[in-house]
Amino acid sequence: MRLLSITQCKPGMRLAKKIFSEDGIVLLGDRMELTNRLITRLAECGVQYVYVEDSRTEDIIPPSLIREETFRMAIKEIRTNFREMMDRPHKRKGAAYPYIAQPFKAMMNLIIDDLSNQEEAMIMLMNMGTVDHYLFQHSLNVCVYSTLLGLSNGYSREEVTTLGLGALLHDIGKTQINVNVLKKPDKLTNDEFELMKRHPQIGFELLKDEPNLPLIVAHCAFQHHERLDGSGYPRGIKGNEIHDYAKWIGLVDSYDAMTTNRVYRAPMLPHDAMERLYAGSGTLYEQRMLQLFRDKVAIYPIGMTVSLKTGERGVVVDLNNAYPHRPVVRILSNEAGEDLKVPYEIDLSKQLTVMIVGVNDQETDVPLVSGI
Ligand SMILES: [Fe+2]
């Protein structure tokens, strides 16, 4: 199968993976043939990438970071609890309802088990296959990526659980912000922007008295927009004043916000987002954290179409863990743009002079609007 951005999909192509609706049920089954209407509808729903069938890459099955059962359980739990907080904000006073620690800890156990079972797990784009509220999907992505980084960083299971919970709940304060501001397609006014910037503090207030939840989790919500050099918000704390967990979450949060389709801009490709993050190395983000993150992100995910400097084009079919930016590419068309009858593969970790110069035929340099 191949990974295509929704803008590249054409009628007649067939889906290679299911797409779930906001309620976790199968919206479109695999093998479903795409039509113009379906493509437009998916794009409107915020789906950025889909897997489509392709006879030349039908042996390629991209690995998932978490199992489908875990994903469905997690998104259901997030949806139920976050919606509860959105619908009945006043009931949250004093953290009386709902009790989120127990279900979310159970969810963390499943996520940690799934990730621990994959020795060479790499972060790939997860924003596909679900039509959902941005906050829900984003919270899950940040949780899974942070958990993976925590495991790679050598944290204990208990530490990773706390980090994962902090990541999952980092934006929980947004559930208390007016939905019209939260989902506003246009630029926010100054007042609205100031309101949005209150979400770390609101999150902290919501979580700090939650029974059975470590206090650090509340601090993760409070501190995830703080930056190393003190340029973040709400308090402008810096360096060691920021907890390491909040630093990991801040990094992953920025990455996921950049690579996600938001109402006000197109998503950035992984390598562009990584470049932006590196521009803040040592000032906004810890260098050592960026390095570990870079080694864990599949800049060119399996299934993605890439163009080589030679003019050849193909699909990423395997990753080299030691060189995540130099995958194995199955060449499908030659320098002249002619489709090959017999595709061949190039391992870019061995052919060091061959460079990837384009991805998905897209203009990759999209202007950055910083996520909130
Ligand atoms: Fe945030």
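Refer to the structure presented above.
Keep in mind that this is a model prediction, so the values were computed, not measured. (Residues numbered from 1 in each chain as written. Predicted model: local features only at pLDDT ≥ 70, side-chain atom pairs only at ≥ 80, totals over all residues.)

What to know about the pairing of strand E4 (residues 49-52)
The alternating pattern of E4 places Tyr49 and Tyr51 and Val50 and Val52 on opposite faces, both of which are buried. Taken together, the four bridges between strand E1 (residues 2-5) and E4 define a ladder with antiparallel strand orientation. Within E4, the position partnered with leucine 4 by the bridge is valine 50. (Buried ≥ 20, exposed ≤ 12 C-beta atoms within 10 Å, placed from the backbone. Helix = DSSP H or I, 4+ residues; strand = E, 2+ residues; numbered from the N terminus. Pairing = 2+ DSSP bridges.)

What to know about the nonpolar core
Formed by 87 residues in total, the largest nonpolar core has its most connected members in Val50, Leu207 and Val252. Residues in contact with leucine 207, not counting those within four places in the same chain, are Leu169, Ile172, Leu213, Val217, Ala218 and Ala221. (Core = buried A, V, L, I, M, F, W, Y, C linked by C-beta atoms within 7 Å. Contact = placed C-beta atoms within 7 Å.)

A short note on the environment of isoleucine 19
With respect to the secondary-structure elements, isoleucine 19 resides in strand E2 (residues 19-20). Taking the C-alpha atoms as reference points, isoleucine 19 and methionine 32, 13 residues apart in sequence, are found 10.0 Å from one another.

Brief notes about the sheet that holds strand E9 (residues 356-359)
If you walk across this open sheet you meet the five strands as E8-E7-E6-E5-E9, and the pairing is antiparallel. Edge positions in the sheet fall to strand E8 (339-347) and E9, since each has one partner strand and no second. Averaged over all adjacent pairs, the angle separating strand axes in this sheet is 35°, with direction ignored. Alignment of strand E7 (residues 328-333) against E8, held across five bridges, turns out to be antiparallel. The partner of valine 329 across the bridge, within E8, is isoleucine 346. (Axes fitted to C-alpha atoms, helices over the stretch in contact; angles between N-to-C directions.)

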